[in-house]
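Fold and contact review
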Amino acid sequence: MRNLKLLKSLRSTELRGPGSPLRLSVRADTGSLLVASHCSITEYDPRTGQVVSEASLTAGGFLPEDGGGAVVGLQDLAELESACLSTAGGDVVLFNFNTCQLECVGSVDSGLTSMSWSPDEELVVLTTGQETIIMMTKHFEPITEVGIHQDDFGEGKFVTVGWGKKETQFHGSEGKQAEVRPAAAWDDRAPRVTWRGDGQLFAVSAVCLQTGARKVRVWNREGVLQATSEPINGLEQALCWKPSGSLIASTQRHPNKHSVVFMEKNGLLHGDFTLPFSKDHAKVRDLLWNSDSTVLAVWLEDLAAGEDQQVNASIQLWVAGNYHWYLKQSLDFGRDSRKAPVCVCWDPERPLRLHVVTRGWTSVTYDWGWATERSPGTDAAADANVAVIDGDKILVTNFRQCVVPPPMCSFELQLTSPVNQVTFLCQPQGTNRLAALTSDGQISVYAQGESCDRDVRDAMRDPSEVEVDGVVVSAVHGSQTGTVALQLEDGQIRKLRWGEPPLVNNSTLINFPVPCVQTALCSISGEEYLLGLTDRSHLYAGDTELASNISSFGVCNDFLLITTHSHTCRCLQLTTLSVKGLQAALASDGGQNDESLRRVERGSRIVTVVPQDTRVVLQMPRGNLETVHHRALVLAQLRKWLDSLRFRESFECMRKLRINLNLLYDHNPKVFLENMEAFITQLGSISHINLFVTELKEEDTTSTMYPRGPESSPVQTRPVSGQKKVDVVCDALRSAMESMDPNKFFLSVLTTHVKKTVPELEVALQKVHELRVNPPRAAGAVSAEEALKYLLFLVNVNDLYEHSLGTYDFDLVLMVAEKSQKDPKEYLPFLNMLKSLETNYQRYTIDKHLKRYSKALHHLSKCGEEHFHEALQLVREQKLHSEALRLYAADGAHYKALSCAYAEHLMEQQQAEQAGLLLWRCGEPVGALQAFASSSSWRNAICTAQQIPLPADQLALLARDLAEKLIEQRRFAEAALLLDQYAKDCEEAILALITGSVWEEALRLIYMHDRQDITETNLKPALLEAVGTQTAFLEAQVAAFTRHRARLAVVREQKEKARLGMLDEDGPDCPDAELYSEASSVMSGSKYSQSNSRVSSRSSKNRRKAERKKLSLKEGSPMEDRALVYALGEILTTVDKMREEVHGLLKALVLFQFDKQAEKLQPAYEEALQAMEAAVPEVWAPEGPASNQLTGPNSTANSIMASFQQQQRPAAPQPGRHRLSSLFIHNSSCDVCLCN
């Protein structure tokens, strides 16, 4: 639905020369015109009006001086920096731009009738006076010469399938004699040559020698005939191959019309359109496709001369859309022969630039741009009209009322002459008015349903003027500010403002870098900007480039809508974004819930945006229309409606466009709850209220699905502390509906009960039951049957039956069961059985059936002594011990039985100590003693044994058993206490202490019981044995530490060399270099990490075990260095834990004068600690501030995860980081010094 809008026309009359122009070509590199006449060739720059170069064709003998010669072809050759022209006399001449010299590169004796170069300028085709085709290279080396007229069809000859012959088929009412008519009398009978856009094929139109009619033949670039067209009655001389397609355009004169027809490369007709005049009114001089195949120019001349014996000439520009051809421009040159065009051609670089040279040597350059003429209104009264030019008609579509696919429209405006331009009134109160400029210079103004004659006359009678220094190519008006922005041909911007005087010059220094074909005024963050879109898809705001992939844009109601070449439609709110913000938004790809982004079909363009609405009309490349409701516009409109409490419009829009209805509440919860009655009144419909309630969920849609912009202030979504959103809304709705009309909104009240976080099905069923017992008499009230039927629609019938059973109301159960699909034989016997039971036991049976075991136990506890065994069985089966103990008195037999059952359960769960406490508490000391004994809780066991009481021998035996268990657990001091105090066996107690290296306590018992003999027999040998054991263990740890430390240095050196080697080979950005970094994924272990739920659900113990499995000390393993560091830390921890044990051993050795052993052990331990302390800085490098930082500009996902895992994992202690404290004592009575 785009029109061709004339941006500027450059007319130059400075070009003069003898004779008249014959041929025209355009230099692609400079844009200057090459004009060949009867006497000379001239290079002319229309922008400056200067002749660049010129050479005489008559002086060189290429054309006769009497002007009788003709130039049949002219082509610019950019690679040769020359122009090639051919004359009717047969000469092929090169005109050098640098030397301005003419060179004849070839000559044909029979003369030439045409010349055509291939699009890649590699081949040239010449047609001669002998009806032959000569093909040559760009260096004018002949390739082939063939005759134009061939009897053969060509290589693409059709295959006959035996369905008859052409001669035997029906030929219409005129019969076979009308099959072929000769060419028209005005036909110059010269061949026409045209190339396909890729240069692989060319077509030749020539007059057949036998029939006198034109026939089209298609040849390939090797000069081999491919196809011949079928005989076409009235086929004319014009011929042009569409650059980006397979259609060849020509013209055909029918008995009742004149048409432009299209042929395929096989010569068959494929579509046409009718020219808007009778068949004998005009002749078509030529057809010309522009470079991007979007516009077809038809060059016309009248057949009949006027009273002044002059013919009228015109050029029409046709555009196709949705399989319809629109006449977009009609250039009328009048009847003056001096003004008639003699050369017409499209610019090779600018697709919408047309060059025309008249017979009087006047050159005219037209520049058009694509424009969608839409009404500029911004209020709800604007109709969003779009006007499309189609010859002498204007097709107007009112998009506020309906979407009519082109070429149809809402209504047509018929004019007397072809329309060249149309525009809408820019005043706020008259945006539905439009004005049309026709080809004869007339302006027509139209208004829908009103008369505007007086306004138009007043405007024309008192025009306002202001001088502008430059050529204006576009003008736009801002209805809100009254600013008129003018764009000059070089991109300069001039702003004019309506005032007194009517126009005041308000020039600005901000200009477009390049001229723009579409402009619009808008306000960005309160500042007015002129937006411009170039033909190269660059969008500018003043001199700032916003994006470079824009195909179309539109401004409506503070929103900027654009379509991009990446097939998206963006909608950005201009009031909340700055220019830099627009740049950033257009450069980003958008997030998952980005409301400003929408995917559209490839090649979509914006036609219009309906003001104060959510509809955006897009046109697809083939011409059809699509209406989309852009999410940003929809949400903006919804927020306006919700702020103004227009709940009904909001609900209807959200339901139609599938917007989550939670937004009604989430937009402003406080306001929604305060206006609950207004919400209910506006919706009115019960089904609408139910739909809203059923869609409620805890999610805050303003932060997930429809996030608020940064300018929006946050709204508290949960005004009531501790309550959930769904519960709050349901309670508020129910309260409002019950206060307004409980009978009318009864179904909605039921919905609020069912939708709550914990569905209140029992309450809903009870209300239905009450409705059945006391039916309301109000008109329109819901019956119990309808209410129950609706409730069954919301809830599964089986679930509803179970909940009704849980109310213990059998009338309600029967009411639900009757509506279900259950067989009465299934539920009636069960219900009858329940009715026969005692109340508490009845409810116990129901609760047990519904698997509500806590409630069942509660009711069963009230059923008396005879049902206690059943209660105890229920407690054991469902593990309800804690609940059962609360239901029975602590001093009763039932409580004791339950406690014993609970203790059995705890024993099964390996919680013997808790079981013993429970048994001790309820008066079962024997059982408690067994439980305490099995759990090694020896203090409680001794207490219960003495409470029983046990005899002395049994008590001693118990103490010995407990002591054995404690010795197995290496609790030697506690075991010695039991053996000494309760078993009365001091020797065993002393031996236990010696075994556990508790030297001081062993000495105390030795002297307390006067057993010095044990010192010699057991204590001293144990000391010497301990010295040997500790020394050997210490040496092994030191050796392992040294070995691991040396290996760690080697591994780190190898990795550093490998990393540096990768950097030198592939540069610092080599991805493999990270494999050799200590912070890499290999080092962090992420290579072996797993993220499935099975692994993540492991216990912490299993996770630590799995982590340790990754750390392999095997040489060459990927995590060997980490394994070595971990092993070194373990050794350090083990040696550090020896300090107390070595301390006590040294004191005992000194006491018994084992000085040599002490002198050997102390230095060995001290040297080991010093060696390990010295290695700490090497093994664990000092951590700077950067290494403690998890995140930062230099952090990666792997490094962050590795650091986090390192912090979470229990690190090996590093005692060497601080000064080791004193480990030993100073004994002045010894010859050896025992201090550090």
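Rules behind the numbers
- Residues numbered from 1 in each chain as written.
- Predicted model: local features only at pLDDT ≥ 70, side-chain atom pairs only at ≥ 80, totals over all residues.
- Heavy atoms only, no water.
- Axes fitted to C-alpha atoms, helices over the stretch in contact; angles between N-to-C directions.
- Helix = DSSP H or I, 4+ residues; strand = E, 2+ residues; numbered from the N terminus.
- Contact = heavy atoms within 4.5 Å.
- Nonpolar A, V, L, I, M, F, W, Y, C, P; charged D, E, K, R; others polar.
- pLDDT = per-residue confidence, 0-100.
- Polar contact = N/O pair within 3.5 Å; in protein donor to acceptor, adjacent residues only side chain to side chain.
- Pairing = 2+ DSSP bridges.
- Parallel < 35°, antiparallel > 145°, perpendicular 65-115°, else oblique.
- Left-handed = near helix turned anticlockwise from the far one by under 90°.
- Salt bridge = Lys/Arg side-chain N within 4 Å of Asp/Glu carboxyl O.
- Buried < 20%, exposed > 50% of the residue type's maximum accessible area, 1.4 Å probe, protein only.
- Arc of directions from axis to C-beta.
- Phe/Tyr/Trp six-rings, centres within 6.5 Å; stacked < 30°, edge-to-face > 60°.
- Disulfide = S-S within 2.5 Å.
- Core = buried A, V, L, I, M, F, W, Y, C linked by side-chain atoms within 4.5 Å.

All right, on to the packing of helix α15 (residues 824-835) against helix α16 (residues 839-849) then. Taken N-terminus to C-terminus, the directions of α15 and α16 make an angle of 145°; their axes are 9 Å apart at the nearest point. Between α15 and α16, the contacting residues are F830, L834 and K835 on the first element and Q842, T845, I846 and H849 on the second. Split by residue class, the contact of α15 with α16 holds three nonpolar, three polar and one charged.

Glancing now at the confidence of the model for the protein chain. Here the protein chain shows a mean pLDDT of 83. Residues at 70 or above account for 86%. Every residue in residues 1183-1201 is under pLDDT 50, and counting partners more than four places away or in other chains gives 14 contacts. Taken together, the stretch residues 1207-1236 has pLDDT below 50 and engages in 53 contacts with residues farther than four places along the chain or on a different chain.

Now for the side chain of S114. Relative to the helices and strands, S114 is located in strand β10 (residues 112-117). Within the structure, S114 has its side chain in polar contact with the side chain of T127 (distance 2.4 Å).

Turning our attention to the sheet that holds strand β22 (residues 282-289). Strand pairing within a sheet occurs via backbone hydrogen bonds; the two strands may be parallel or antiparallel. Strand order in the open sheet made by the four strands is β22-β23-β24-β25, with antiparallel pairing throughout. A strand with exactly one partner marks an edge of an open sheet, and here the two such strands are β22 and β25 (324-332). Averaged over all pairs of adjacent strands, the angle between their axes in this sheet comes to 25°, without regard to strand direction. Inspection of the sheet shows strand β24 (residues 313-321) paired to β25 by eight bridges, in the antiparallel sense. Bridging across to β25, L317 finds its partner in Q329.

Reading across the sheet, the four strands line up as β6-β7-β8-β9 and stay open at both edges, with antiparallel pairing between neighbours. The strands lining the two open edges of the sheet, one partner per strand, are β6 (71-77) and β9 (102-107). Each strand of the sheet is rotated relative to its neighbour by a mean of 20°, with strand direction disregarded. Where strand β8 (residues 91-96) lies against β9, five bridges are found, and the strand directions are antiparallel. If you follow V93 over to β9, its bridge partner there is C104.

Looking now at unusual backbone geometry. Cis geometry marks the peptide bond from P406 to P407; its omega dihedral reads 10°. With respect to the element layout, P407 can be found in the loop between β31 (393-398) and β32 (411-414). Cis peptide bonds are those with omega within 30 degrees of zero, and the linkage from I948 to P949 qualifies with -10°. Despite not being glycine, C100 has its phi angle at roughly 60°, a positive value. Along the chain, C100 turns up in the loop between β8 and β9. Of note, E131 is a non-glycine position whose phi angle comes to about 60°, a positive value. Its location among the elements puts E131 in the loop between β11 (123-128) and β12 (132-137).

Contact geometry of helix α3 (residues 631-643) with helix α4 (residues 647-657) gives a least axis separation of 8 Å together with a crossing angle of 155°. Accordingly, the angle class assigned to the pair α3 and α4 is roughly antiparallel. Relative to α4, α3 is oriented so that their crossing is left-handed. Mapping the contact onto sequence places V634, L638, W641 and L642 in α3 and F647, E649, S650, C653, M654 and L657 in α4. Among the residues making up the contact of α3 with α4, the classes are represented as eight nonpolar, one polar and one charged.

What follows deals with the pattern of salt bridges. Applying the stated criterion to the full structure yields 45 salt bridges. Linking D280 and R253 is a salt bridge whose minimum nitrogen-to-oxygen distance equals 4.0 Å. Remark: R253 occurs in strand β19 (residues 248-253) and D280 occurs in the loop between β21 (269-274) and β22; sequence separation between them is 27 residues. Accessibility expressed as a relative area gives 49% for D280, which makes it partly exposed. The residue R639 makes a salt bridge to E595 at a minimum N-O spacing of 3.5 Å. With R639 in helix α3 and E595 in the loop between α2 (579-587) and β47 (597-599), this pair connects stretches of sequence that are 44 residues apart. When its relative accessible area of 18% is taken as the criterion, E595 is described as buried.

Take helix α7 (residues 676-683) next. Restricting attention to buried positions, one finds in α7 the residues M676, F679, I680 and L683. For α7, the buried positions fall inside an angular range of 95° around the axis, keeping them on one side. Taken together, the buried residues of α7 touch α4, α5 (663-666), α6 (669-674), α8 (686-694) and α9 (725-740). Of the residues flanking the end of α7, it is G684, one or two places downstream, whose phi is positive at about 70°.

What follows covers the pairing of strand β41 (residues 527-533). Counting buried residues in β41 gives five out of seven residues, a clear majority hidden from the surface. Taken together, the seven bridges between strand β40 (residues 518-524) and β41 define a ladder with antiparallel strand orientation. Bridge pairing links S523 to E528 in β41. The loop that links β40 with its antiparallel partner β41 comprises two residues; one of these, S525, has a positive phi angle of about 55°.

The next subject is the packing of aromatic side chains. Applying the stated criterion across every chain yields a total of 20 aromatic pairs. Taking the centre distance of 5.9 Å and the plane angle of 85° together, the rings of F95 and F97 count as edge-to-face. Exposure class is identical for F95 and F97. Each is buried. Their ring planes at 90° and their centres at 5.6 Å tell us that F647 and F679 sit as a pair that is edge-to-face. Remark: F679 occurs in helix α7 and F647 occurs in helix α4; sequence separation between them is 32 residues. On the basis of relative accessibility, which here comes to 2%, the residue F647 falls in the buried class.

It is worth spelling out the pairing of strand β30 (residues 385-390) at this point. Within β30, six of the six residues are buried, which leaves it mostly tucked inside the rest of the structure. Burial along β30 is two-sided: the face carrying N385, A387 and I389 and the face carrying V386, V388 and D390 are both buried. As defined by bridge partners, strand β29 (residues 373-374) adjoins β30 across two bridges and the pair is classed as antiparallel. Each bridged residue has a counterpart across the sheet, and for E373 the counterpart in β30 is A387. Across six bridges, the pairing between β30 and β31 is antiparallel. Directly across from V388, in β31, lies its bridge partner L395. Counted between consecutive antiparallel strands, the loop separating β30 from β31 contains two residues, among which G391 sits at a positive phi close to 70°.

In this section: the state of the cysteines. Enumeration according to the criterion identifies zero disulfides in this entry. The thiol of C409 is not disulfide-bonded; the next cysteine sulfur, from C402, is found 9.9 Å away. Among the residues examined, C409 registers a relative accessible area of 17% and is labelled buried.

This paragraph deals with the nonpolar core. Counting residues in hydrophobic clusters, the biggest one holds 89 residues, and the most contacted among them are L898, L962, I994, W999, L1023, L1145 and L1149. The element contributing the most residues to this core is helix α28 (residues 1013-1066), with 11 residues. The residues contacting I994, other than those within four sequence positions of it, are W999, A1002, I1014, N1018, L1019 and A1022. Counting 67 residues, the second largest nonpolar core, distinct from the first, contains F679, L696, L765 and V782.

This next bit is on the environment of R196. Note on placement: R196 falls in the loop between β14 (192-195) and β15 (201-207). On the basis of relative accessible area, R196 is assigned to the buried category, the value being 15%. Separated by 45 residues in the primary sequence, R196 and W241 have C-alpha atoms spaced 5.6 Å apart. Residue contacts for R196: discarding those within four places in its chain leaves P119, L201, W241, G245 and K265.

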